[in-house]
Amino acid sequence: MSILLFNISLVFLITHEMDAVRCKEWRIFPVLSLLTDKLGFTIFSLAHIPLFGLLAFYLLNSNNIDSLIYYLEIFFIAHLILHLLYLCHPKNEFKDCISWILIITPAVLGFTDLAIV
């Protein structure tokens, strides 16, 4: 069951990152918010290449996949908490239902999986 919940969570999180571009998430990051939209978009987008590359590498090559999943599920929960903390940020554009489904689902499934184990 753990791998199923994790895979669903991961798909939601990756889709959230696509939505984050639409919502210009770099505008709410402390350093990136100081940049122009073009430069913020560029850095935000390019930063995801090594992040997703490393994620794929470790998911495909990890000797301890359970440990990796455990820490990623904790990250899914922390990610939701960060979005809640920035909810009132004036440049936060995560306002619609789809955005919040993409943010909340990985945290709920991650929490559920951690509670099951």
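Residues numbered from 1 in each chain as written. Predicted model: local features only at pLDDT ≥ 70, side-chain atom pairs only at ≥ 80, totals over all residues. Heavy atoms only, no water.

Quick look at the nonpolar core now. Listed in full, the 10 residues of the largest apolar core are Ala20, Cys23, Trp26, Leu32, Phe44, Leu80, Phe94, Trp100, Ile103 and Ala107. The element that contributes the greatest number of residues to this core is helix α4 (residues 97–116), accounting for 3 residues. One finds Phe6, Leu10, Leu13 and Leu72 within the second-largest nonpolar core, a separate group that totals 7 residues. (Core = buried A, V, L, I, M, F, W, Y, C linked by side-chain atoms within 4.5 Å. Buried < 20%, exposed > 50% of the residue type's maximum accessible area, 1.4 Å probe, protein only. Helix = DSSP H or I, 4+ residues; strand = E, 2+ residues; numbered from the N terminus.)

Attention now goes to the state of the cysteines. Tallying each qualifying case throughout the model produces 0 disulfides. The closest cysteine sulfur to the non-disulfide-bonded cysteine 97 is located on cysteine 23, 13 Å from its own sulfur. (Disulfide = S-S within 2.5 Å.)

Attention shifts here to a nonpolar patch on the surface. Residues Ile3, Leu4 and Ile8 make up a contiguous nonpolar surface patch of about 250 Å² in total accessible area. Position of isoleucine 8 relative to the elements: it lies in helix α1 (residues 2–22). Since its relative accessible area comes to 33%, isoleucine 8 is described here as partly exposed. (Patch = residues over 30% accessible without salt bridge, like charges linked within 9 Å, V, L, I, M, F, W, Y side chains within 5 Å. Areas by Shrake-Rupley, 256 points an atom, 1.4 Å probe, with all protein chains shown as cover. Salt bridge = Lys/Arg side-chain N within 4 Å of Asp/Glu carboxyl O.)

Compared with an ideal rise of 1.5 Å per residue, which puts 20 residues at 28 Å, α4 spans 27 Å between its outermost C-alpha atoms and is within 8% of the ideal. Bending of α4 peaks at approximately 25 degrees at the position of isoleucine 104, with proline proline 106 no more than four residues after it. Along α4, the residues classified as buried are Ser99, Trp100, Leu102, Ile103, Thr105, Pro106, Ala107, Leu109, Gly110 and Asp113. Turning to α4, the residues buried within the fold contact α1 and α3 (65–85). (Expected span 1.5 Å × (residues − 1). Bend = angle between axes of the 7 residues up to and from the residue. Contact = heavy atoms within 4.5 Å.)

Before going further, it helps to examine the pattern of salt bridges. With the rule as written, the count across this model stands at 4 salt bridges. Between aspartate 19 and arginine 22 there is a salt bridge, with the nearest N and O atoms lying 2.7 Å from each other. Taken together, the positions of aspartate 19 and arginine 22, both in helix α1 and 3 residues apart, correspond to about one turn of that helix. For aspartate 19, a relative accessible area of 8% corresponds to the buried category. Ionic pairing is found between arginine 22 and aspartate 96, a salt bridge with its closest N-O pair at 3.1 Å. Note that arginine 22 is positioned in helix α1 and aspartate 96 in the loop between α3 and α4, a separation of 74 residues in sequence. Take arginine 22: its relative accessible area is 48%, and that puts it in the partly exposed class.

On their own, these measurements won't tell you what the molecule is for.
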